[in-house]
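Residues per chain are reported as follows:
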Amino acid sequence: MTQHQGTLAFGAPLSMTPHTSLQHSSHNAAFGSTMARVFVYGTLKKGQPNYKHMINTAKGLAKFQGRGRTVEKYPLVIAGKYNIPYMLNIPGTGHHVAGEIYSVDEQMLQFLDEFEGCPDMYQRTLMRIQVVEWEGKGGTGEARAAADGVLECFVYSTATYPPEWVGLPYHDSYDSSGKHGLSYVLRESRE
């Protein structure tokens, strides 16, 4: 996977299908700017501890598009003293990870990069996401991509992790209050 940072690849995933090259798409008049597609699988999902950031327009715009899962399998682990979910960038290992697909503006993408500690803690890469449920509305390119069943989205995964994390239990979906018993510790509650 190629790492994409800054604005060079911004907007790339919005009108992509698996067989097209990166292209800008500005057909989403509701936001009036180029949007990027982001797949979130952890604390930024609806009902999770950091979802508040996805709906805080002071941080940028994020529009829920649907639900999906990674086409390839990845290990999703809960690690560290704050019980943070990490998708380890080890394609072919683990599970098809479930999450949510959002269209975000450049301001939100920059916020997410900072929030996710990109590029040190997480790296933002393009991954293929199988659409499971689609609510997105938009131009024909967007509808065509969703109809194909697979979208390319930016995902915050990590290739920089302690080797022992590979031995942690792998999850196919994340819920902070799940039966794993590892509740996420909010940043404002950390020592």
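Residues numbered from 1 in each chain as written. Predicted model: local features only at pLDDT ≥ 70, side-chain atom pairs only at ≥ 80, totals over all residues. Heavy atoms only, no water.

(A) Quick peek at the overall build of the protein chain. Broken down by element type, the protein chain carries three helices and seven strands. Ordered by position from the N terminus, the helices and strands of the protein chain form the series β-α-β-β-β-β-α-β-α-β. Each of the 191 residues in the protein chain was classed as buried or not, and the buried ones make up 48%. Of the contacts made within the protein chain by residues no fewer than 6 positions apart, 77% connect residues no fewer than 24 positions apart. When the accessible area of the protein chain is evaluated, it comes to approximately 8,900 Å², of which 51% is carbon and sulfur surface. (Helix = DSSP H or I, 4+ residues; strand = E, 2+ residues; numbered from the N terminus. Buried < 20%, exposed > 50% of the residue type's maximum accessible area, 1.4 Å probe, protein only. Contact = heavy atoms within 4.5 Å. Areas by Shrake-Rupley, 256 points an atom, 1.4 Å probe, with all protein chains shown as cover.)

(B) Region of interest: the pairing of strand β2 (residues 62-70). Two strands pair when backbone bridges link them, and β2 and strand β5 (residues 98-104) are joined in this way by seven bridges, in the antiparallel orientation. For Arg67, the partnering residue across the bridge sits in β5 and is Glu100. Sheet topology note: the β2/strand β6 (residues 123-134) ladder contains five bridges and is antiparallel. Paired with Thr70 across the bridge in β6 is Ile129. (Pairing = 2+ DSSP bridges.)

(C) Spatial organisation of the pairing of strand β4 (residues 84-87). Covered by surrounding structure in β4 are Ile84 and Tyr86 together with Pro85 and Met87, the residues of both alternating faces. Where strand β3 (residues 76-79) and β4 come together, four bridges link them in antiparallel fashion. Looking across to β4, one finds that Val77 is bridged to Tyr86. Counting the residues that bridge the hairpin from β3 to β4 gives four residues, and of these Gly80 lies at a positive phi of roughly 80°.

(D) Here's a closer look at the sheet that holds strand β1 (residues 36-40). Strand order in this closed barrel of five strands is β1-β5-β2-β6-β7, and the pairing throughout is mixed. Neighbouring strand axes in the sheet, compared pairwise and without regard to direction, differ in orientation by 50° on average. Summarising the sheet, β6 and strand β7 (residues 150-157) pair through eight bridges and their orientation is antiparallel. Bridge pairing links Met127 to Cys153 in β7. (Axes fitted to C-alpha atoms, helices over the stretch in contact; angles between N-to-C directions.)

(E) Looking closely at the nonpolar core. Counting residues in each nonpolar core, the largest one holds 41 residues, and the members touching the most others are Val38, Phe39, Tyr41, Tyr86, Met87, Val104 and Leu112. At the level of elements, β1, β3, β4, β5, α2 (106-115), β6 and β7 are the ones that each hand at least two residues to this core. Look past the residues within four positions of Met87 in its chain and what remains in contact with it is Phe39, Tyr41, Thr70, Tyr74, Pro75, Leu76, Val97, Met127, Val155, Ser157 and Thr158. (Core = buried A, V, L, I, M, F, W, Y, C linked by side-chain atoms within 4.5 Å.)

(F) Main features of the pattern of salt bridges. Counting across every chain of the model gives three salt bridges. A salt bridge links Lys52 to Glu188, with the nearest nitrogen and oxygen atoms 3.0 Å apart. With Lys52 in helix α1 (residues 51-54) and Glu188 in the segment after β7, this pair connects stretches of sequence that are 136 residues apart. Residue classification places Glu188 among the exposed positions, given a relative accessible area of 58%. Here Arg124 and Asp113 are joined by a salt bridge, their closest N and O atoms 2.8 Å apart. Of the two residues, Arg124 is situated in strand β6 and Asp113 in helix α2; the sequence distance between them amounts to eleven residues. Like Asp113, Arg124 is buried. (Salt bridge = Lys/Arg side-chain N within 4 Å of Asp/Glu carboxyl O.)

Don't take any of this as a statement about function, it's just geometry.
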